[in-house]
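Structural description and commentary
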Amino acid sequence: MAFFLEVLLGGLLAGVMYALVALGFVLIYRASGVFNFAQGAMLLFAALTYVSLVERGLPGWLALLSTLGVMVLLAVAVERTVLRPLVNRSPLVLFMATLGLAYFIEGAAQALWGAQVHGLDLGIEDSPLEVGELLLSTFDLFAAAVAAVLVIGLSLLFDRTRLGISLRAVADDPLAAQAVGIRLPRIWVLVWAVAGCVGLVAGLLWGARLGVQFSLSLIVLKALPVLIIGSFSSVTGAIVGGLLIGASEKLAEVYLGPLIGGGLENWFPYAFALVFLLIRPVGLFGEPTVERV
Amino acid sequence: MGVSLVRRPVLLEVSDLALAFGGVTAFAEVGFQVREGEICALIGPNGAGKSSLLNVINGLYRPQRGAVRLGGSSRALRRPQAAAHAGVARTFQNLALFKGMSVLDNVLTGRGRHRRASWLEQALGLGRAPAEERAQREIAEWALDFLHLRPWRDALVGTLPYGLQKRVELARALAAEPRLLLLDEPMAGMNAGEKQELSGYIRDINRERGVTVVLIEHDIQVVMQLADHVVVLDYGRLIADGAPAAVRNDPAVIAAYLGTRH
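Here the structure is a predicted model, which means the values were calculated and not measured. (Residues numbered from 1 in each chain as written. Chains lettered and ligands numbered in written order. Predicted model: local features only at pLDDT ≥ 70, side-chain atom pairs only at ≥ 80, totals over all residues.)

Thoughts on the sheet that holds strand β7 (residues 212-216) of chain B
Residues and elements named next belong to chain B. Stated precisely, the cut-off is as follows: Each pair of strands is called paired provided DSSP finds at least two bridges between the two strands. Secondary structure follows DSSP: runs of H or I at least 4 residues long count as helices, runs of E at least 2 residues long count as strands, and numbering of each begins at the N terminus. To get an axis, a line is fitted to the C-alpha atoms, and for a helix only the part in contact is used. The angle between two axes follows their N-to-C directions and goes from 0 to 180 degrees. We call two residues in contact whenever the C-beta atoms placed from their backbones are within 7 Å.
Spatially, β5-β6-β7-β3-β8-β9 is the arrangement adopted by the six strands of the open sheet, whose pairing is mixed. Both outer strands of the open sheet, β5 (88-91) and β9 (237-242), are each paired with one neighbouring strand and no more. Averaged over all pairs of adjacent strands, the angle between strand axes in this sheet comes to 15°, irrespective of strand direction. Sheet topology note: the strand β6 (residues 180-184)/β7 ladder contains five bridges and is parallel. If you follow Leu182 over to β7, its bridge partner there is Val214. On the sheet, helix α2 (residues 50-57) packs against β3 (39-43), β5, β6, β7 and β8 (229-234) and is oriented at approximately 150° with respect to β6.

Structure follows, in structure tokens:
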């Protein structure tokens, strides 16, 4: 039983890491109804910027602030050069634009900071922590705490301010949103900046785990099943989806692995998401769309 | 009534306006004035350029020539967001509602221009935020009551029948407490009874709230009853501008609507 709990908790904590990545997607999806393919690239770019600044001798807090500033600037640039010219176009056009943006940001990151792998030490010990009979990773617990703070902050921003209702309005019908006086450019810059900052947090935590390297931008693919299960448009959904994926893939690996062969972790989340697509395509926390025909 | 309105200051001034899409002229040399407190009807055959004119007035389209001034300023109307903040609210011919949101939330989006509290105040529920939130809701609820939409307050807009959706759009525009209300065919697809009802609402908004209205309407009967002032467009030209009775007997208008006698 203790072993089961340990696997479960380990899985849930790993799930938090997935959820952190998924959060960035949710933000932009809510503001434009678009899966932002460039989120992985933004995450990589943020982590790489931070690491490179630290390696050039900046103290950690200053590097963090500078990187946050860079992500805000990036948001402004994206709004000016990509979103504004494409206003009122179909979501598919915007999606293609984010695809191009992903390559552009990755290229820019490489040109600026080079292509080598950087080690990243956040100063958090990744030692096992004994809680009763269970062994938990301190680093994972730290990540969970960070995720909790982010979620609380985002919920305050979305549920308590006019931003929440404006975001839903913009995603629903940008033209109508403009006509009622919602300032699209401002909303977009804000959302992309927040998504960039969430990307920075996720990038730092993942970077500390895997090293800051270009394959980091591929964790986009890990976020996909999380979003399908939780919903593309809900912060809560991203967290619950992440936890579900984390727990189920670890449990499957440990309990099903011996029966049908190892390496289960790598494909299990996608199979799980596929089942979800068949049963509840909008995800656990998505609102089914209504259409009067 | 027409006499007293003439003394009022001009709210909306359109002068020498021209709009073209590529080589196709939507309208040209259009100029007229709308005084404060007026109901001005914009009429004309299909394709005359009426909707395009509304789109220029609230900043969706940029004219090639001419100017639109609201209360003497032309800057306010360059973009739809700016126009909304300057007090221009509108409804669309084909509806521009947030279909996945409730009726109340749709109406609340109309209140954006009246928000003053910062995001930080709102997020933490401090300072001006709570009182403002209450005030916004009160006005949104008032707009729902005004247009008798209370029974559908929490329904998703996408599930409502067309006539009700039109009313929700009007409620959203009303909640903005606009100076100028632009209505693009508010009565399209309605039967005579519904038209009477909506005419009543529009007159109430105009009289009780002092809102200036510019509306596009095809039903001449309704226009003659409702409007203080009629502007007629035909093939992108302004062919008449004046009181309803005068416009009705104008030979150019009769020709545009019925064809000339040969």
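As for the environment of Leu54(B)
Residue and element names in this part refer to chain B. Defined as follows: Neighbour density around each residue's C-beta defines its exposure: 20 or more other C-beta atoms within 10 Å make it buried, 12 or fewer make it exposed, and counts between make it partly exposed, where C-beta atoms are placed from the backbone.
Structurally, Leu54 is set in helix α2. A residue is classified by how many C-beta atoms lie within 10 Å of it, and Leu54, with 23 of them, is buried. As a C-alpha pair, Leu54 and Leu120 span 66 residues in sequence and 36 Å in three-dimensional space. What Leu54 contacts, discounting residues up to four positions off in sequence, is Arg90, Leu182, Asp184 and Ile216.

Some details on the interface of chain B and chain A
The test is simple: Side-chain classes are defined by residue name, with Ala, Val, Leu, Ile, Met, Phe, Trp, Tyr, Cys and Pro counting as nonpolar, Asp, Glu, Lys and Arg as charged, and the others, Gly among them, as polar.
On the side of chain A, 24 residues touch chain B, which itself brings 27 residues to the contact. Broken down by element, the side of chain B that touches chain A gets its largest block of residues, four residues, from helix α3 (residues 80-85) of chain B. Within the side of chain B that touches chain A, the residues separate by chemical class into ten nonpolar, eleven polar and six charged.

Brief notes about the sheet that holds strand β4 (residues 65-70) of chain B
Residues and elements named next belong to chain B. An order of β2-β1-β4 is seen for the three strands of this open sheet, with the pairing classed as antiparallel. With partners counted over all chains shown, the strands left at the sheet margins are β2 (24-35) and β4, one partner each. Strand-to-strand twist in this sheet, taken as the mean axis angle between neighbours without regard to direction, amounts to 15°. As judged from the five bridges shared by strand β1 (residues 10-21) and β4, these two strands associate in the antiparallel manner. The residue bridging Ser15 from the neighbouring strand is Ala67, located in β4. Strands in contact with α2 are β1, β2 and β4; relative to β2, the strand with the most contacts, it is inclined by about 65°.

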